[in-house]
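What follows is the residue order along each chain.
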Amino acid sequence: MITSDLDNINKPLSFDIHRLYATMIEQSIITAFLGDFDHTTITTLLENFKKRMSSLETSTSINKRVYKIMVECLENIGRHKVSKLIYNEVPSDSAIFLIAKKEDAFYISTGNYINAEQVKTLQKKIDTINSFTKVNLKKHYKQVLAQSKQNNNVGAGIGLIDIIIKTDNPLKYRFLTISDQYSFFILEVTINY
Amino acid sequence: MEPLYLKKTVDSPEVILDHQKNIFRISGESRPENAKLFYDVIINWLAAYEKHLFWMKGEFEKKTSIKFEFYLEYFNSTSAKFILDIFKFIDEMQKKDSDIVIYWYYDEIDEDILDSGRELLSLANMQAVFVKK
């Protein structure tokens, strides 16, 4: 009996979960999630953040702002993500999300696969809104909202503008080329407090 | 016609559209999974109510004074488009000589929602009474 227990203890682990844990703690991550970002999952992540809000020591108005930006970031994943259901060569269906609280700011970072064709359009969109002043951003927001009403294209285009208006910081991004067909899109949002 | 009552859920606001009690209120958080489905119910009710008002006026010469209250803690960018639709409906009713005024409530600690309201109203070219709660 004793021998077999020892055998179990000495068996190598398949995952170094402590290293993952230590990295996440070191990076001041509040929550990280890997998986499918459907509506129910998004709701769970948001409810979880709401519960954590009171223990964060930041002001309620900042926490509320972070919450609102978090909604748009999470919903944004679904808007751009490529799915294995349609493109079965996509390396993975999973996207990743994390929220961290450091000394001066909250950080939200998301990552998901997109079609290589989308890269140029998306990059241009982000560069354009990053270059706008707050006044012009609000003008642009109204234009896009009015346009999307006409085209009946609900959801597209407005989320990123909304995020940038609420953060008051430019959006940081990367497109990692995975293959001719796919890129990994990283979006990082900073919310100072 | 029947009043419309929708209970608040984890992702959708409470809706009270009760012409009998003269309560018109949308309050809470709005990020429904299917915003079109959710807001179509409201828009359809308002369309029916507009007709109802028209008949009321014809029959009784009665002018109803309406306070249309928005007390939203949060709405996502998709919901913004539908809230705009509701504003446009209210605008139409104002133009048809209904005494209807938008009240936009906001929390003292949440000036963002005041900003969002101002933006949406200016987009619709409309006025509202802003109330700090």
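Check the entry above for the structure.
Residues numbered from 1 in each chain as written. Chains lettered and ligands numbered in written order. Predicted model: local features only at pLDDT ≥ 70, side-chain atom pairs only at ≥ 80, totals over all residues. Heavy atoms only, no water.

**Student:** Could you give an account of the packing of aromatic side chains, with specific residues and numbers?
**Tutor:** On inspection of all chains with the given rule, the structure shows 19 aromatic pairs over all chains. Here A:Tyr173 and A:Phe175 contribute two aromatic rings whose centre-to-centre distance is 5.5 Å and whose plane-to-plane angle is 55°, an arrangement assigned as tilted. Accessibility assignment for this pair places A:Tyr173 and A:Phe175 in one class, buried. Over the aromatic face of B:Tyr103 sits the side chain of B:Lys67, whose NZ or CZ is 4.7 Å from the ring centroid. (Phe/Tyr/Trp six-rings, centres within 6.5 Å; stacked < 30°, edge-to-face > 60°. Buried < 20%, exposed > 50% of the residue type's maximum accessible area, 1.4 Å probe, protein only. Lys NZ or Arg CZ within 6 Å of the ring centre and 35° of its normal.)

**Student:** Please provide a residue-by-residue account of the sheet that holds strand β4 (residues 65-75) of chain B, values included.
**Tutor:** Residue and element names in this part refer to chain B. Across the sheet, which stays open at both edges, the six strands sit in the order β1-β2-β3-β4-β5-β6 with mixed pairing between neighbours. Because the sheet does not close on itself, it has two edges, and the strands there are β1 (4-6) and β6 (129-132). Averaged over all adjacent pairs, the angle separating strand axes in this sheet is 15°, with direction ignored. Inspection of the sheet shows β4 paired to strand β5 (residues 99-106) by six bridges, in the parallel sense. Looking across to β5, one finds that Phe-70 is bridged to Trp-104. (Pairing = 2+ DSSP bridges. Helix = DSSP H or I, 4+ residues; strand = E, 2+ residues; numbered from the N terminus. Axes fitted to C-alpha atoms, helices over the stretch in contact; angles between N-to-C directions.)

**Student:** Give a detailed account of a nonpolar patch on the surface, specifying residues and quantitative values.
**Tutor:** Residue and element names in this part refer to chain A. On the surface, a nonpolar cluster with roughly 390 Å² of combined accessible area is contributed by Phe-15, Ile-17 and Leu-20. Counting through the fold element by element, Phe-15 comes out in the loop between α1 (2-10) and α2 (17-26). Looking at Phe-15, the relative accessible area reads 68%, which means it is exposed. (Patch = residues over 30% accessible without salt bridge, like charges linked within 9 Å, V, L, I, M, F, W, Y side chains within 5 Å. Areas by Shrake-Rupley, 256 points an atom, 1.4 Å probe, with all protein chains shown as cover. Salt bridge = Lys/Arg side-chain N within 4 Å of Asp/Glu carboxyl O.)

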